[in-house]
Amino acid sequence: MSEMTFEKMINQMTPAIYESLKQAVSLRKWPDGRRLTPEQTELCLEAVMRFEVENNVPEENRVGYLEQRTCGAAASGAGVTPEMAGLARDATRD
């Protein structure tokens, strides 16, 4: 049996395996219900991230993607009032 390296595993990963690993990382469980160890979680997450980069998965579909928005305003935060940003004055200090 040939030795399977991490690099070979990434190159041979199918979209179905990618989705399975992505779900396992998200739930911290394998499909059969067993919990992932911290080491397994780390390796699966690395494999998922590498697959996404090497297969040009759109950024908004990648694991950990967060849309950049600020309280309904532009991403720059322009036009956001202090109250909307959670910077309202502290009434207990009056």
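Preceding block: the structure.
Residues numbered from 1 in each chain as written. Predicted model: local features only at pLDDT ≥ 70, side-chain atom pairs only at ≥ 80, totals over all residues. Heavy atoms only, no water.

K.L.:
Hey, could you run me through unusual backbone geometry in this one?
P.N.:
Most of the time, phi is negative for any residue but glycine, and the peptide bond is trans. If you check the backbone angles, R28 has positive phi at about 60 degrees while not being a glycine. Structurally, R28 can be placed in the loop between helix 2 (15-27) and helix 3 (38-54). Residue R28 is classed as partly exposed on the basis of its relative accessible area, which comes to 40%. Even without being a glycine, N56 presents a positive backbone phi close to 50 degrees. The residue N56 is located in the segment after helix 3 in this model. For N56, a relative accessible area of 63% puts it in the exposed group. (Helix = DSSP H or I, 4+ residues; strand = E, 2+ residues; numbered from the N terminus. Buried < 20%, exposed > 50% of the residue type's maximum accessible area, 1.4 Å probe, protein only.)

K.L.:
Help me understand the packing of helix 2 against helix 3 in this model?
P.N.:
When two helices pack together, you describe them by how their axes are tilted relative to each other and by the distance separating the axes. Two elements in contact, helix 2 and helix 3, have axes separated by 9 Å at closest approach and are oriented at 135 degrees. By the angle between their axes, helix 2 is oblique relative to helix 3. For helix 2 against helix 3, the interelement crossing comes out left-handed. Residues P15, Y18, L21, K22 and V25 of helix 2 touch helix 3, and the partners they reach there are T41, C44, L45, A47, V48, F51 and E52. For the contact of helix 2 with helix 3, the per-class residue count stands at nine nonpolar, one polar and two charged. (Axes fitted to C-alpha atoms, helices over the stretch in contact; angles between N-to-C directions. Parallel < 35°, antiparallel > 145°, perpendicular 65-115°, else oblique. Left-handed = near helix turned anticlockwise from the far one by under 90°. Contact = heavy atoms within 4.5 Å. Nonpolar A, V, L, I, M, F, W, Y, C, P; charged D, E, K, R; others polar.)

K.L.:
What should I look at first to understand the environment of M49 in this one?
P.N.:
With respect to the helices, strands and loops of the structure, M49 is situated in helix 3. The spatial distance from the C-alpha of M49 to the C-alpha of V63 is 7.1 Å, given a sequence separation of 14 residues.

So far we have only geometry, and geometry alone does not tell us how the molecule works.
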